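# Coordinate inspection notes
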Amino acid sequence: VYQVFESVAKKYDVMNDSMTLGIHRIWKDILMHKMNPSPGTLLLDVAGGTGDIAFRFINYVRSVQKLQLQRKLKHHQNLSWQEIFESYQKDQFNSLGDSQVVVCDLNREMLKVGKQKAKHLGYSEGLSWVLGNAEELPFDNDKFDVYTIAFGIRNVTRIDLALQEAYRVLKPGGRFLCLEFSHVSNPLLSRLYDLYSFQVIPVLGEVIAGDWKSYQYLVESIRQFPPQEELKAMIEDVGFFKVDYENLNFGIVAIHSGFKL
Amino acid sequence: VRCQHYPPLRALQASATLRRASDEQKKEPLTSSSQQHFDSPPAGHQPEREPQGPRPSYTGHGGQESEDYESEEQLQHRILTAALEFVPEHGWTAEAIAEGAKTLGLSVAAAGMFHSDGSELILHFVSECNAKLSKLLEKEQKLVQLGEAEKKPVDEFLRHAVEARLRMLIPYIEKWPQALSVLLLPRNIPSSLNLLTSMIDDIWHYAGDQSTDFNWYTRRAVLTGIYNTTELVMMQDSSPDFEDTWRFLENRVADAMTMSNTASQVQSTGEAVVQGLMGAAVTVSS
């Protein structure tokens, strides 16, 4: 798995766009909307190498913070200019409202690409990059508000261990969110999807990233991955409550959610 | 091979927040207000889990701990109750729920269990208010039965009950219009209508009216109309202690009594329309 991603790191984003025809951005946006984080949330994004989820999180929290600030100021119509100025000052330095995201990935190359992207896009505060293994996270218990793993869990050898670790590092009340390719139940769509996966994607892999094998592996790992209900059961087994999944695009992708209660 | 377990009846982890039922009073609102308990929360895409049996009946393995832990629903109730405190500031929103969760020692992410428009919070509040009203009316009925209080005539009783119920809105009155609009969302209408009709039924039950002037549906519809219009008036009312609202209420109840006595049409056409609509909605929902 490590070597696959080492070679893939630099072209990861480009490949994502071409394979999914850019729809992966929408999927990630939907994930963020579902999370609906409030300012002050501490997010752990596992296998989040190039930072897609992390950046979206920061954008979301910033805009929520702005809305809240606007609402607060609207309420305080009779404040003096001095007071308004001061409250603006205070919140300016706090545009994230103490929210933070820790991006954890097994692969140094992916993290490197992520850091470069962050610099390039201008994300500086509230971000941390940590090298780590999903099956054995380098974090204390009960630390994070939300744990996400977007298109990473199928690459984990022992999914149950990763789920256990997720449970461990989440605070009580914390949320587990998993965005992953899943099973299409509709037979017609399933045929088309298979056709696309096995014929088109490895070819794209060769053409764009010069790597047929990695994308062959990718497509196969998707087929091997447990379907929605099974993953849901695995998540429940570890101890999460209110476990639920939402199919996107008829099951091509699914978001699983669970709470540590 | 997974080891055998009973998935729906796992005890919730003994974190700081989840309490043994023995520590606190047994939660009876869930049972006593069963008539007012709304349909299972309108969370859109939640697949039906195997029903969580009531805790006390579980006697599976590990039995010594399982009886005491609360269920998810009870925890959700506690979060929503805690969230009410933050409604005047944040409105009926996921933010208020997040703040409520925080006071219970839970992560703010727990608000993700609920719909982001605050529907469940509002429905919870309405259900709690209805339960409070029931208790109040029952207590008063007991006093009458013991001979310690006078039995009120019907119109006074109705006025008293509706006023008591509407007064519960006062702490939240600023944000209540927002709540009303959420309750009217198609998704929420079955639940909110259910809560409304059971509250009205409750009031009539305790009013103990034996008159045969009204038939059952008309009675419901009339009082529903009175309640709803008074509620709307209250939203706009800026008089001290809402005295305009109570006067409006008095007039409407008097009208209703007149209507029943003389069987004449209600004076104001607007009111007739409202009552007719409410009656139709009530009939449809029944």
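Conventions adopted
Residues numbered from 1 in each chain as written. Chains lettered and ligands numbered in written order. Predicted model: local features only at pLDDT ≥ 70, side-chain atom pairs only at ≥ 80, totals over all residues. Heavy atoms only, no water. Helix = DSSP H or I, 4+ residues; strand = E, 2+ residues; numbered from the N terminus. Expected span 1.5 Å × (residues − 1). Buried < 20%, exposed > 50% of the residue type's maximum accessible area, 1.4 Å probe, protein only. Salt bridge = Lys/Arg side-chain N within 4 Å of Asp/Glu carboxyl O. Phe/Tyr/Trp six-rings, centres within 6.5 Å; stacked < 30°, edge-to-face > 60°. Domains from an automatic or database assignment. Contact = heavy atoms within 4.5 Å. Buried area = accessible area lost by both parts, 1.4 Å probe. Polar contact = N/O pair within 3.5 Å; in protein donor to acceptor, adjacent residues only side chain to side chain. Disulfide = S-S within 2.5 Å. UniProt positions renumbered as here; feature names shortened; annotations may be inferred. Core = buried A, V, L, I, M, F, W, Y, C linked by side-chain atoms within 4.5 Å. Pairing = 2+ DSSP bridges. Right-handed = clockwise from strand over helix to strand, strands pointing away.

Residues and elements named next belong to chain B. Taking 1.5 Å per residue, 13 residues should reach 18 Å; helix 3 (residues 72-84) reaches 19 Å between its end C-alpha atoms and fits that length. Taken across its 13 residues, helix 3 has 11 buried, putting it largely inside the fold. Those residues of helix 3 lying buried are E72, Q74, L75, Q76, H77, R78, I79, L80, A82, A83 and L84.

On to the pattern of salt bridges, then. Going through the model one piece at a time under the given rule, you end up with 19 salt bridges over all chains. Between E246 of chain A and K34 of chain A there is a salt bridge, with its nearest N and O atoms 3.0 Å apart. Note that E246 of chain A is positioned in strand 6 (residues 241-248) and K34 of chain A in helix 3 (residues 23-35), a separation of 212 residues in sequence. In this structure E246 of chain A comes out as partly exposed when scored by relative accessible area, which is 21%. Classification of K34 of chain A by relative accessible area gives buried; the value is 15%. For R252 of chain B, the salt bridge is made with D255 of chain B, and the minimal N-O distance between the two is 2.7 Å.

Moving on to the packing of aromatic side chains. Residues and elements named next belong to chain A. Applying the stated criterion across every chain yields a total of 14 aromatic pairs over all chains. With a centroid separation of 6.1 Å and 50° between ring planes, the pair formed by W27 and F151 is classed as tilted. Here W27, found in helix 3, pairs with F151, found in the loop between strand 4 (144-150) and helix 7 (159-169); they are 124 residues apart in sequence, far enough to count as distant. W27 sits in the buried class, given a relative accessible area of 5%. Taking relative accessible area as the criterion, F151 reaches 7% and is therefore assigned buried. Judged by centre distance (5.1 Å) and plane angle (80°), the ring pair of Y167 and F240 falls under edge-to-face.

Residue and element names in this part refer to chain B. Assigned domains within chain B: domain 1 (71-116) and domain 2 (128-278). Taking only C-alpha atoms, the centre of domain 1 and the centre of domain 2 are 29 Å apart. Residue-level contacts link 9 residues of domain 1 with 8 residues of domain 2. Overall, the association of domain 1 and domain 2 removes approximately 700 Å² of surface from exposure, summing both partners, and the carbon and sulfur fraction of that is 62%. By the criterion of area lost to domain 2, the three top residues of domain 1 are P88, W92 and H115, representing 64% of everything that side buries. At the junction of domain 1 with domain 2, the criterion picks out 0 salt bridges. Where domain 1 packs against domain 2, one counts 1 residue pair in polar contact (both at pLDDT 80 or more). Broken down by secondary-structure element, the contributors of at least two residues to the side of domain 1 that touches domain 2 are helix 3 and helix 4 (87-90).

Residue and element names in this part refer to chain B. Here T230 lies in helix 10 (residues 216-236). Overall, T230 belongs to the buried group, its relative accessible area being 0%. Ignoring sequence-local partners within four residues, the contact set of T230 consists of L166, T245, F248 and L249.

Okay, the state of the cysteines next. Residue and element names in this part refer to chain A. The final tally for this structure, using the stated rule, is 0 disulfides over all chains. Here C104 stays free of any disulfide, with the sulfur of C178 as its closest cysteine sulfur at 15 Å. Residue C178 is classed as buried on the basis of its relative accessible area of 0%.

A few words now on the environment of D140 of chain A. Residue and element names in this part refer to chain A. Looking at the element boundaries, D140 is found in the loop between strand 3 (127-131) and strand 4. Counting along the chain gives 83 residues from D140 to R223, while the straight-line C-alpha distance between them is 34 Å. What D140 contacts, discounting residues up to four positions off in sequence, is R168 and V169.

Moving on, we get to the UniProt feature "domain: Ubiquinone biosynthesis protein COQ9 HTH" (unreviewed entry) in chain B. Those residues carrying the UniProt feature "domain: Ubiquinone biosynthesis protein COQ9 HTH" (unreviewed entry) are residues 72-102 of chain B in this numbering. Secondary structure within residues 72-102 of chain B divides into 84% helix and 0% strand; the distance between the first and last C-alpha atoms comes to 17 Å.

Residues and elements named next belong to chain B. A rise of 1.5 Å per residue sets the reference length of helix 9 (residues 189-207), with its 19 residues, at 27 Å; its end C-alpha atoms lie 27 Å apart and thus fit the reference within 8%. The buried count for helix 9 comes to 14 of 19 residues, which makes it a mostly enclosed element. Phi turns positive, to about 60°, at G208, one or two residues after helix 9.

If you look at the biggest cluster of nonpolar residues, it comprises 67 residues, and the most contacted ones within it are I79, W92, L121, W176 and I203 of chain B. For this core, the secondary structure elements donating two or more residues are helix 3, helix 5 (94-103), helix 6 (119-145), helix 7 (154-167), helix 8 (176-183), helix 9, helix 10 and helix 11 (243-262) of chain B. With 9 residues, helix 9 of chain B is the largest single contributor of residues to this core. In terms of domain composition, this core takes at least three residues from each of domain 1 (71-116) and domain 2 (128-278) of chain B. Residues within four places of L121 of chain B in sequence aside, it is in contact with L80, A83, L84, V87, W92, T93, A96 and I97 of chain B. V103, L127 and Y193 of chain A together with A109 of chain B belong to the second-largest nonpolar core, a separate cluster that totals 35 residues.

Moving on, we come to the pairing of strand 3 of chain A. Residue and element names in this part refer to chain A. The sheet contact formed by strand 2 (residues 100-105) and strand 3 spans 5 bridges and is parallel. Bridge pairing in strand 3 places V103 opposite W129. Tracing the backbone out of strand 2, into helix 6 (residues 108-121) and back to the parallel element strand 3 gives a crossover that is right-handed.

Another point: the environment of Y215 of chain A. If you trace the backbone, Y215 of chain A turns up in helix 9 (residues 212-224). In sequence terms Y215 of chain A and M19 of chain A are 196 residues apart; their C-alpha atoms lie 9.9 Å from each other.

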